[in-house]
Amino acid sequence: MVRSKVCWYRRFHDAAFKLAHLLGIVHLWVASYARVALILAIAWCMGYPLSRRVVRGPAAPLVTLLVGVAVFSLIVCLLGWLRIFRGWTIALVAVGAAAISARLLIGDLPAWRRKLRVARPDAATIASLAVLGLVLLAFSALVLYPSAAFDATSYHLPLARDFVQRHGLVYDPFVRFSFFPQANESMFAVMLLLTANPVASAALEYSLLAIVVLLLPLWFVGSGRRAGGGLIAALIVLASPVVIYAGTAAFVDTWTLTFVLAGLLLGLDAAEGRSHVAATLVLAGVLVGEAAATKYTGALYGAIAGLAVLAAAHQPRAIVRGLAGAVGGFLAIALPWYLWTIHTTGDPLYPYATGIFGNREGLWTTAEIKLQQVVGRGGIGPGPGAALS
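For the structure given in this document, a descriptive report is provided here.

Rules used in this analysis
Residues numbered from 1 in each chain as written. Predicted model: local features only at pLDDT ≥ 70, side-chain atom pairs only at ≥ 80, totals over all residues. Heavy atoms only, no water. Helix = DSSP H or I, 4+ residues; strand = E, 2+ residues; numbered from the N terminus. Patch = residues over 30% accessible without salt bridge, like charges linked within 9 Å, V, L, I, M, F, W, Y side chains within 5 Å. Areas by Shrake-Rupley, 256 points an atom, 1.4 Å probe, with all protein chains shown as cover. Salt bridge = Lys/Arg side-chain N within 4 Å of Asp/Glu carboxyl O. Phe/Tyr/Trp six-rings, centres within 6.5 Å; stacked < 30°, edge-to-face > 60°. Buried < 20%, exposed > 50% of the residue type's maximum accessible area, 1.4 Å probe, protein only. Contact = heavy atoms within 4.5 Å.

Note that Pro 173 resides in the loop between helix H5 (150-165) and helix H6 (183-194). Sequence-wise, Pro 173 and Leu 363 are 190 residues apart; in three dimensions their C-alpha atoms are separated by 7.7 Å.

What follows covers a nonpolar patch on the surface. Taken together, the side chains of Leu 78, Trp 81, Leu 82, Ile 84, Leu 323, Val 327, Leu 331, Leu 335, Leu 339 and Ile 342 make up a nonpolar region of the molecular surface, amounting to roughly 840 Å² of accessible area. Elements that contribute at least two residues to the nonpolar patch include exactly helix H2 (60-82) and helix H14 (323-345). Considering the arrangement of structural elements, one finds Leu 331 in helix H14.

What follows concerns the packing of aromatic side chains. Per the counting criterion, the structure on display carries 14 aromatic pairs. Pairing Trp 44 with Tyr 48 gives two aromatic rings, centres 4.9 Å apart and planes at 20°, and the pair type is stacked. With Trp 44 and Tyr 48 both in helix H1 (residues 2-51) and four residues apart, the pair spans about one turn of that helix. This pair shows no difference in class: Trp 44 is buried, exactly as Tyr 48 is. Here the aromatic rings of Trp 219 and Phe 220 are separated by 5.7 Å at their centres, their planes lie at 75°, and the arrangement is edge-to-face.

So, on to the side chain of Asp 347. Counting through the fold element by element, Asp 347 comes out in the loop between H14 and helix H15 (354-357). The class of Asp 347 is buried, set by a relative accessible area of 0%. The contacts of Asp 347, once residues within four sequence positions are left out, are Thr 341, Ile 342, Tyr 352, Ala 353, Thr 354 and Phe 357.

See below:
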């Protein structure tokens, strides 16, 4: 009798422990993505005034969100230069952005209602979004796994931590790549104002990947293409284990992918005549600028995307005329971050191009720079950094 009671108690105890563990995981998932939703809502309010008259079609809300994220990171950069990055300054910026967008939305609501009545998605579009939604929901749980990723723990999150602790941009010799442009890390810093749990920063990174994945079928539909093609394109993006690994940790690689791809799609809208060319290219430049402010290679990928837009253009001269606006949008986002690198190192591509710009005392040694070049090219063939050094 006593043994049966003990067995019953153990089974109850094990079941209660598993239930508590499951509830804890669910709470962590909900809490992390709720904080992401708050940051993205603020970003959307920042992007809406800029994109409301430019971006059209079913992809417009997601493009607006990405434009807002780029603007948000720029504002954090400027606050960082002034060393006033604090919770109250971000709150003031958020309230101001929400007030401006709310006022504009009140005036735009009648037009939104008319568009929603006319634009009813077909079964293929609904099915494509449902499939992607289920896939993305499944992958969203991977951010909960404790990250041991080298880049995330050695400098992406430590850079964000320095940003929060010192209220702005600082050079920390004990944090790897403290001289880099830090657009993505600046948004991690905003997340760290809400919680110190790195899971939330990984959830933010994954949410941006999810946004661009959902953007693909919506853009296909808005451009007159089939939703099935957009579904295939989105699944190809998610088919790479490297994308999933980097996109579910506090890395910056999928952040770069997101903004280059979104900039390309926006540029194609201009090239194919679906939107005002000059204004659309400005926003495309903003998106690519965010990619370049995240990784040096973002500028290279953005240039390649620009060539693709030019090749696809129905009227190439219109694209060429709008190039100045695209460059202006690009510089508006990227230049403040690269000025930080120049201010710290004297070299806009440090630790590359030191053969051109030199290597200041107190930064990396020549041996460390050569090691970085070898690591960067995986030991196979000459890397681009070596050509500049």
